[in-house]
Every structure is written in structure tokens, then in C-alpha cells.
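Structural characterization, general
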Amino acid sequence: MMTDTPIYIIEESKLRRNLKLIASVAAKADIEIILAFKAFALWKTFPIFREYIHSTTASSLSEAKMAFEKFGAPAHTYSPAYTDGEFDEIVRCSSHLSFNSLSQYERFHQRAKTVSIGLRVNPEYSEVGTLLYNPCAPGTRFGVTADKLPEQLPADIEGFHCHCHCESGADVFQRTLGHIEEKFSRWFPQLKWINFGGGHLMTRKDYDVDLLISMMQDFHRRYPWLKVILEPGSAFAWQTGPLVSHVVDIVEDKGIKTAILDVSFTCHMPDCLEMPYQPDVRNAESVEMEKATEPCTYRLGGNSCLSGDFMGSWRFEKELQVGDEVIFEDMIHYTTVKTNTFNGITHPSIGMLHEDGTMEVLRRFGFEDYLNRMD
């Protein structure tokens, strides 16, 4: 790669590969697949997205305004809690708006007459193993369970929104769909659309795309009047580019060598610590901690003051030196949207590697960006 500064690099060819697959699935399954900003929101890439999809999904006023002003189409909006001061502007920027609770619906629905109103429902079933990411865990704050719904829905509720997945396969969706239908199908004749949320990782190599398509075709046969919407985030940006970092120091304690980088896990790759998961590092092999003292093996440390801002260990092909690049694979989704300025650490740049091989830097960050966050 050979860059002078840390940088996220979006590879246009890989992004278009994902978009073509998603557009193909949408056409074959006769469904609408829209981009969820919570996983990817780099608006300078939207001209490419608009060649393949027509809508996006938002969870806040800022995301709804980005959909309306930058993507060029009103958003499908859902929020756990709308606030009085923002609600009218959210409606202005939305085509669909889902309420998280019946109480939120009662409070705001009269002010949402220009949009198609939906209600988030909770089927009380999800196979997401990590509690932090499970929207259907006991005590969840998301959605209305079937026992709380009236037999006759309010006349202006046109859709159900249901989100149960996180980077899941079609087989998981198949099992989940059975629970959704069991719990809520008796209300389907009163609806115009159903949104099955995100987490459908259809661009992953082992994802059964044919199963997803056949499931949706069968669903249409059962409920031909219902428009079906999916709103994945990760699937669009899955494996579309790395985060390139550099070694700035190497320290050793108790025989464990740590390569300190010019990026931070807590600032620039937060899901690695939150999920947690260990990312792939180019030209390096992840090894067990008991092998941490072996030759060419390093813990990778971030450049923040958080004690736990490290991961490891990895075995490299040769001893690392100050200035060497360390490249984290698949670092475009759920990174740039979740980064922070803890410690005032400079954010990595954002670049686009075009199909013709040219590199375009979409954004560089500096002191003014940190100041603006503190204003």
C-alpha cells in the first residue's frame, strides 16, 4: 500500500461487486434492499450507490438529513425514541417512519401524516450470540411484542419493522421468519409493507443467496400484497477495504513484544473491543497468547492512553521495524461511523482506490476536527 499516514481505503471494485450482488438479489426476490447508515455513511461514495439502490435507512435526525440532502431520497427512518424538537424535521426528510413503541406512536403519529407509518415489533427470538448486539434479548428496549398489540391496528399504521440479526446467514433468517410469522402474521392483512431489518450478510462468501431469494419468493406467494424491505449495513461494505497503519514503536515486557501503531482500537476499530473480535492482519497469522514470546510475534497496541487498547498476538513473516505498515483487513463497515476523538488522536484519512488504480483521498482530518467535536 505504502501510505505516509494511517488511512481507511475503500476499493471501488469491491464495493461495486457487493452492490451488483445486492441489486441482483433485490430484483430476483422482488424486494427492496436499502443501505443502513449505522454501518456505512461515507456520503462521498453515494453517487456509486445510487447506480444500484434507491433508498437508505436512518436512525436519527442527522442520518435522515443525510439521506434527504446527500443521498437524494427521503429515508426509511426508525429510532428507539423520537424527541419533540427533532420530530418534524425527521418527518420532512423521511418517506417511511417506524415507531419503537405504542406510546411513541400515540405521542407523535398525528404529526407524521406525510409519511408511511410503521411499528417495530419484537418476535422474542434472535440467534445473535453476543448480548450487546441482540435486539430480542429479555428486557430489550426494542419493539412491541405480540401480546401488546390490539387485534385491530390503528388505521394509519401501514407496516411492521422487525430487526433480529447481526451478520447472519440466510438459514438464520429462515428460522427467524418462522417465529415472525407465527407471532405476527394475523396482522399482515392490515399492512402494506414489512421491513425485516438488517444483519443479512448476503455478500459474505458462504451466504446462501439462493435460499434468501427462494424464501422471499415464497413469502410473496403467501402475502402478495406486502412489500418487503431489507436494510443491511455490513453487507454493502463487507470486505471492501482495509485500514492501513504504521509501527511507531516497539516495546517489550515479560518477553511480550508490542508493536505500537499510529491507530487505536478503541478510537478507530471499536468493535474489536466491544464485540469482541480479532481482525485479520495482512501477511500475519493470529496465534494463541502462549506463543506471544515466539520470534516475529507481536501484540498490536493502539496509540491511546486506554490500558486495554491492544490486541494480539500475531506472527509476522519477519521482525517488525518502526515505519512498517500493518494492514487491518475489512475495516470499512462499522468503523468510520463509530470512531471517536478520545485523547485527541488524529483520525485516519479516508481514501478511495478507484477501478483504474488511482487513489483519491476523500478526507483528511486534523486539529480543527477535534476542536469542532469539543465546541
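Residues numbered from 1 in each chain as written. Predicted model: local features only at pLDDT ≥ 70, side-chain atom pairs only at ≥ 80, totals over all residues. Heavy atoms only, no water.

1. Focus: the overall build of the chain
Quick reminder of the rule: Runs of H or I in DSSP of at least four residues are treated as helices and runs of E of at least two as strands, each being numbered from the N terminus. Values of the radius of gyration come from C-alpha atoms, whereas the globule rule sets the reference at 2.2 Å times the count of residues to the power 0.38. Note on classification: 1.4 Å probe, protein chains only; a residue is buried when its accessible area is under 20% of the maximum for its type, exposed when over 50%, partly exposed between these limits. The protein chains shown are the only cover counted for residues, whose accessible areas, like all others here, come from Shrake-Rupley with a 1.4 Å probe. Neither His nor the chain termini are counted; the positive set is Lys and Arg, and the negative set is Asp and Glu. To locate a charge, take atom NZ for lysine, CZ for arginine, CG for aspartate or CD for glutamate.
Along its length, the chain carries 11 helices and 18 strands. Against the globule reference of 21 Å for 375 residues, the chain gives a C-alpha radius of gyration of 22 Å, in line with a compact fold. Reported as C-alpha extents along the three principal axes, the dimensions of the chain are approximately 65 × 45 × 45 Å. Relative to its 375 residues, the chain shows a buried fraction of 55%. When the accessible surface of the chain is summed, it comes to about 17,000 Å², and 51% of that surface belongs to carbon and sulfur atoms. Averaging the locations of the 37 positively and 52 negatively charged side chains of the chain gives two centres separated by 4 Å.

2. Details of a nonpolar patch on the surface
To be explicit about the condition: Patch definition: residues above 30% relative accessible area lacking any salt bridge, with like charges linked at up to 9 Å and the nonpolar side chains Val, Leu, Ile, Met, Phe, Trp and Tyr linked at up to 5 Å. The term salt bridge refers to a pairing of a side-chain nitrogen on Lys or Arg with a carboxyl oxygen on Asp or Glu at a separation within 4 Å.
On the surface, L273, L306 and F342 cluster together to form a nonpolar patch covering roughly 230 Å² of accessible area. With relative accessibility at 39%, the residue L306 sits in the partly exposed group.

3. Examining the packing of aromatic side chains
Working definition: an aromatic ring pair is given by the centre-to-centre distance plus the angle between the planes. Heads up, the rule is: Centres within 6.5 Å make a pair out of two Phe, Tyr or Trp rings, where for Trp the six-membered ring is used; the pair is then stacked when the planes are under 30 degrees apart, edge-to-face when over 60, and tilted otherwise. Both a distance and an angle decide whether a charge sits over a ring: NZ of Lys or CZ of Arg must be within 6 Å of the ring centre and within 35 degrees of the ring normal.
All told, the structure shown has 20 aromatic pairs when counted by the stated rule. For the ring pair F184 and W187, a centre distance of 6.1 Å and an interplane angle of 45 degrees mean the geometry is tilted. Taken as a pair, F184 and W187 share a single burial class, namely buried. An aromatic cluster is present here, built from F37, F40, F46, F49, F71 and F236 joined pairwise through their rings. Over the ring of W43 we find K70; its NZ or CZ atom is 4.2 Å from the centre of that ring. Between the NZ or CZ atom of K257 and the centre of the ring of Y298, over which it lies, the distance is 5.4 Å.

4. With respect to the pairing of strand β12 (residues 256-261)
This is how the line gets drawn: Two strands are counted as paired when DSSP detects at least two bridges linking them.
Pairing between strand β11 (residues 243-253) and β12: 6 bridges, direction antiparallel. Within β12, the residue paired with V247 across the bridge is L261. Count of turn residues in the β11/β12 antiparallel hairpin: 2 residues, of which K254 carries a positive phi of about 55 degrees. Pairing of β12 with strand β14 (residues 297-301) involves 3 bridges; the strand directions are parallel. From the neighbouring strand, I260 faces β14, where its bridge partner is G301.

5. Focus: the pattern of salt bridges
Evaluated as defined, the whole model comprises 25 salt bridges. Between D171 and R175 there is a salt bridge whose closest N-O contact spans 3.6 Å. Placement of the pair is D171 and R175 together in helix α6 (residues 170-184), with a separation of 4 residues, close to one helical turn. According to the relative accessible area criterion, R175 is partly exposed, its value standing at 39%. Residue R315 pairs with E294 through a salt bridge whose shortest N-O separation is 2.7 Å. Of this pair, R315 sits in strand β15 (residues 310-316) while E294 sits in the loop between β13 (284-286) and β14; the two residues are 21 residues apart in sequence, bridging distant segments of the chain. Accessibility expressed as a relative area gives 29% for E294, which makes it partly exposed. Several salt bridges share partner residues, and in doing so they unite E12, R16, E51 and E355 into one network.

6. Comments concerning α6
Defined as follows: The length a helix should cover is 1.5 Å for every residue beyond the first. In this analysis, two residues are considered to be in contact whenever any of their non-hydrogen atoms come within 4.5 Å of each other.
With 15 residues, α6 ought to run about 21 Å at 1.5 Å a step, and its terminal C-alpha atoms sit 20 Å apart, in line with that. Inspection of α6 places A170, V172, F173, T176, L177, I180, E181 and F184 among the buried residues, and these make up the whole buried set. Elements in contact with the buried residues of α6: β8 (157-161), β9 (193-195), α7 (209-222) and β10 (227-230).

Distances and angles like these do not, on their own, reveal function.
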